[in-house]
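The lines below spell out each chain.
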Amino acid sequence: MGTRRGPFKLLPSLPKKPRAKRERHARTRVAFFRYSYYDIAFKFFVEHVLDADFVALPKPTKRTIELGSRHSSDMVCAPFKHILGDYIEALELGADVLVQFAGPCRLGYYGELQQSIMRDLGYEFDMLNFAMLTGKPLTEYISVCKKKVNPDLSVPHGVRNMLAVFKMIEHLDEVNDFYLANAGFEAEPGSFERAREAYFADMRAATNEREIAEAQRKGLDALRALPQHRPARPLRVGIVGEYFTAADPASNLDLERKFLDMGVELHRALNMTNRNLRYNEKNLRAGISEYVQYDMGPTSSMTIAAARKYAQEGFDGIVHLKSSGCTPEVDCMPVLQRISRDTGVPVLYLSYDSQTSDTGLDTRLEAFYDMIAMKKEKTAR
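Residues numbered from 1 in each chain as written. Predicted model: local features only at pLDDT ≥ 70, side-chain atom pairs only at ≥ 80, totals over all residues. Heavy atoms only, no water.

Named according to an unreviewed UniProt entry, the protein is DUF2229 domain-containing protein originating from Eggerthella lenta.

Draft legend 1. Quick peek at the sheet that holds strand S4 (residues 126-129). With parallel pairing, four strands are arranged side by side in an open sheet as S2-S1-S3-S4. Lying at the two open borders of the sheet, with one neighbouring strand each, are strand S2 (53-54) and S4. Looking at chain direction, strand S3 (residues 97-100) and S4 are connected through four bridges and run parallel. Counterpart to Gln100 in the pairing with S4 is Asn129. (Pairing = 2+ DSSP bridges. Helix = DSSP H or I, 4+ residues; strand = E, 2+ residues; numbered from the N terminus.)

Draft legend 2. Representation of the environment of Leu121. Mapped onto the elements of the fold, Leu121 is located in the loop between helix H4 (107-120) and S4. For Leu121, a relative accessible area of 6% gives the class buried. Taking C-alpha positions, Leu121 is 43 Å from Gly219, a pair spaced 98 residues apart along the chain. (Buried < 20%, exposed > 50% of the residue type's maximum accessible area, 1.4 Å probe, protein only.)

Draft legend 3. Spotlight on the pairing of strand S5 (residues 236-241). Burial runs high along S5: five of the six residues are buried. Read as a crossover between parallel neighbours, the route from S5 over helix H9 (residues 255-261) to strand S6 (residues 265-268) is right-handed. Taken together, the five bridges between S5 and strand S7 (residues 317-323) define a ladder with parallel strand orientation. Each residue of the ladder has a partner; that of Gly238, found in S7, is Ile318. (Right-handed = clockwise from strand over helix to strand, strands pointing away.)

Draft legend 4. Geometry of unusual backbone geometry. Backbone geometry at Asp51 places phi at a positive 55 degrees, although glycine is not the residue there. Its place among the elements puts Asp51 in the loop between helix H1 (39-48) and S2. For Asp51, a relative accessible area of 41% corresponds to the partly exposed category.

Draft legend 5. Structural view of the confidence of the model for the protein. For the protein, mean pLDDT is 91; residues scoring 70 or higher make up 92% of the total. For the stretch residues 1-14, pLDDT sits under 50, and the model shows 21 contacts to residues farther than four places along the chain or on other chains. Here residues 16-25 scores under 50 on pLDDT; set against residues more than four positions off or in separate chains, the count is 18 contacts. (pLDDT = per-residue confidence, 0-100. Contact = heavy atoms within 4.5 Å.)

Draft legend 6. Molecular detail of the nonpolar core. One finds Leu98, Met118 and Leu255 to be the most contacted residues of the largest nonpolar core, which totals 93 residues. Among the elements that make up this core, the one with the highest residue count is helix H6 (residues 155-182) (eight residues). Those residues in contact with Leu98 that lie beyond four places of it in its chain are Ala31, Tyr87, Ala90, Leu91, Met118, Phe125, Asp126, Met127 and Leu128. Counting residues in each nonpolar core, the second largest holds 21 residues, with Ala306, Met333, Val335 and Tyr349 among its members. (Core = buried A, V, L, I, M, F, W, Y, C linked by side-chain atoms within 4.5 Å.)

Draft legend 7. Structural context of helix H13 (residues 327-343). Relative to the 24 Å expected for 17 residues at 1.5 Å per residue, H13 spans 25 Å between its end C-alpha atoms, a close match to the ideal helical length. Along H13, the helix axis deviates most sharply at Met333, where the bend reaches about 30 degrees; the proline Pro334 sits within four residues downstream. Taken as a whole, H13 has its buried residues at Pro328, Glu329, Cys332, Met333, Val335, Leu336, Ile339 and Ser340. (Expected span 1.5 Å × (residues − 1). Bend = angle between axes of the 7 residues up to and from the residue.)

Draft legend 8. Quick peek at the packing of helix H7 (residues 191-205) against helix H8 (residues 209-224). Running from amino to carboxyl end, H7 crosses H8 at an angle of 175 degrees, the nearest separation of the two axes being 9 Å. One finds that H7 runs roughly antiparallel with respect to H8. Across the interface between the two elements, Phe192, Ala195, Arg196, Tyr199, Asp202, Met203 and Ala205 from H7 touch Glu211, Ile212, Ala215, Gln216, Lys218, Gly219 and Leu223 from H8. (Axes fitted to C-alpha atoms, helices over the stretch in contact; angles between N-to-C directions. Parallel < 35°, antiparallel > 145°, perpendicular 65-115°, else oblique.)

Draft legend 9. Highlighting a nonpolar patch on the surface. Taken together, the side chains of Leu138, Val155 and Val159 define a hydrophobic patch exposed on the protein surface, amounting to about 220 Å² of accessible area. Assessed through its relative accessible area of 53%, Leu138 is described here as exposed. (Patch = residues over 30% accessible without salt bridge, like charges linked within 9 Å, V, L, I, M, F, W, Y side chains within 5 Å. Areas by Shrake-Rupley, 256 points an atom, 1.4 Å probe, with all protein chains shown as cover. Salt bridge = Lys/Arg side-chain N within 4 Å of Asp/Glu carboxyl O.)

Draft legend 10. Focus on the domain arrangement of the protein. Along its sequence, the protein is carved into domain 1 (29-150), domain 2 (157-181 + 187-227) and domain 3 (232-380). Each of domain 2 and domain 3 has a C-alpha centre, and the two are 25 Å apart. With ten residues of domain 2 at the interface, the matching set in domain 3 holds 13 residues. Roughly 940 Å² of surface becomes buried between domain 2 and domain 3 when both sides are summed, with 53% attributable to carbon and sulfur atoms. A per-residue breakdown of the area domain 2 buries against domain 3 is headed by Glu170, Asp173 and Leu180, which together make up 51% of the total. (Domains from an automatic or database assignment. Buried area = accessible area lost by both parts, 1.4 Å probe.)

Draft legend 11. How the structure looks around the sheet that holds S6. Across the sheet, four strands lie side by side as S6-S5-S7-S8; this open sheet has parallel pairing. Strands with a single pairing partner mark the edges of an open sheet, and in this sheet they are S6 and strand S8 (347-352). Each neighbouring strand pair of the sheet contributes to a mean axis angle of 25 degrees, computed without reference to strand direction. With four bridges connecting them, S5 and S6 associate as parallel partners. The residue of S6 that forms the bridge with Ile239 is Arg268.

Rendered as structure tokens:
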């Protein structure tokens, strides 16, 4: 693929680093960007589908987003900067191949730009960009994986374990759904987080379908056994929004943890299971036909359908998360305002960029919590 400078040609030139030839590893070292807890499934995919070595990234730091922002145009969204920072740190840890699958919005085009930026910075690597293969036959995916990662890839073995990856993603999302709905009422502080981390550790260690199923059973049993102090009428909040920001704690400043610490029951329909594995745009749009007549973009129908469902089920509030300038989610906001007017359920709109701070977010969340708590108390009289 040729280098495309496009919108980055006006950026100040950066000093070139020597392009020393990378010493190849006996097994290719593959890295993904950070995306919530899905690194567990990414690890299984690399090790048991591609038969390569997974480069695990530590938790992101302030340096991560600074790296991404420094080498990005101001015109791109915050997820682009987060992912670029992740990639640079992965290359610093010795990754040979970077995997990009992000989409279904303009993030699907960002892999080529990110590759161009990192090449200009002097890094040697291959990009396994699945976004460029969307809609193509399985043989194309296999061919690219063999070319860039492992020429000896076993197709029957890989296909079988790919099905295990899908099952693992479904399991991870099932456990997270339970965690969000119940962790806010834990009797012992930190008990749910400890149980979830133990579950994650078991899932990371799983090497086959049987071990995945056993980790799931053990993890759910442990979470369900934890004592809770759940009120008779807990505050319920639904989270909707953009694919990356709404699901990734590092991108939304750990918003879910902040709500759970307030003692709120949380629900978030947006996850990889619902958006990637079980997605049905036609059915979603049929359920919101009074508000939407056409496909508005990548996560728009899910955002609106989930918000309408939460409102109809009597949730106390809805929180809409997006990165600054996310056009599809900006288009959703007038529809969410209509749903709020029709049902009386308040909606908090939060937009994130690389400069968003915890302090400002905390103030808005506390004010929103106080508002919906007072509203609920008033209706209970």
